[in-house]
Amino acid sequence: GTKILLSAKGKKLSQDKVVDLSKEENITLICGRYEGIDERVVNFIDEEISIGDYILMGGESAACCLIESI
């Protein structure tokens, strides 16, 4: 399955990306908190996604947004 890191420096989420992700059988969402995640995790993700041009305290809200959109 696809492993996605929700990150402010990721590629901005678009409707086209949501449609592509909706076709995936399995998606793992990785959410950082405050300062982010241990950089070693980056070696295991497939892509980084941002839900917009703003900063959140953690990736949980972004994950909920992504789940809702898919």
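These remarks concern the structure in this document. It should be emphasised that the depicted structure is a prediction, and the values quoted were computed from it without experimental measurement.

What counts, and where the lines are drawn
- Residues numbered from 1 in each chain as written.
- Predicted model: local features only at pLDDT ≥ 70, side-chain atom pairs only at ≥ 80, totals over all residues.
- Heavy atoms only, no water.
- Salt bridge = Lys/Arg side-chain N within 4 Å of Asp/Glu carboxyl O.
- Helix = DSSP H or I, 4+ residues; strand = E, 2+ residues; numbered from the N terminus.
- Buried < 20%, exposed > 50% of the residue type's maximum accessible area, 1.4 Å probe, protein only.
- Contact = heavy atoms within 4.5 Å.
- Pairing = 2+ DSSP bridges.
- Axes fitted to C-alpha atoms, helices over the stretch in contact; angles between N-to-C directions.

Re the pattern of salt bridges
A side chain of one charge can pair with a side chain of the opposite charge if their charged atoms are brought near each other.
Here is step 1 of the chain: Within the structure shown, the criterion is met by five salt bridges.
Here is step 2 of the chain: As a salt-bridge pair, Asp53 and Lys12 come within 2.9 Å of each other at their nearest N and O atoms. With Asp53 in the loop between β3 (47-50) and α2 (60-69) and Lys12 in strand β1 (residues 2-12), this pair connects stretches of sequence that are 41 residues apart.
Here is step 3 of the chain: A residue is classified by how much of its surface remains accessible, and Asp53, at 67% relative accessible area, is exposed.
Here is step 4 of the chain: In this structure, Lys17 and Glu47 form a salt bridge, with 3.0 Å as the shortest nitrogen-oxygen distance. Here Lys17, found in helix α1 (residues 15-22), pairs with Glu47, found in strand β3; they are 30 residues apart in sequence, far enough to count as distant.
Here is step 5 of the chain: Given the relative accessible area of 23%, Lys17 is considered partly exposed.

Remarks on the environment of Gly58
Here is step 1 of the chain: Mapped onto the secondary structure, Gly58 falls in the loop between β3 and α2.
Here is step 2 of the chain: Setting aside residues up to four positions removed in sequence, Gly58 forms contacts with Gly32 and Arg33.

Topic: the sheet that holds β3
Here is step 1 of the chain: Strand order across the open sheet formed by three strands is β2-β1-β3, with parallel pairing between neighbours. Among the strands making up the open sheet, the edge pair consists of β2 (27-31) and β3. Here the strands of the sheet are splayed against their neighbours by 45° on average, with no regard to which way each runs.
Here is step 2 of the chain: Pairing of β1 with β3 involves five bridges; the strand directions are parallel. Note on β3: the bridge partner recorded for Leu5 is Glu48.
Here is step 3 of the chain: Set on the sheet, α1 makes contact with β1, β2 and β3; between it and β3 the angle comes to about 130°.
Here is step 4 of the chain: Those strands touched by α2 are β1 and β2, and its axis lies near 155° from that of β2.

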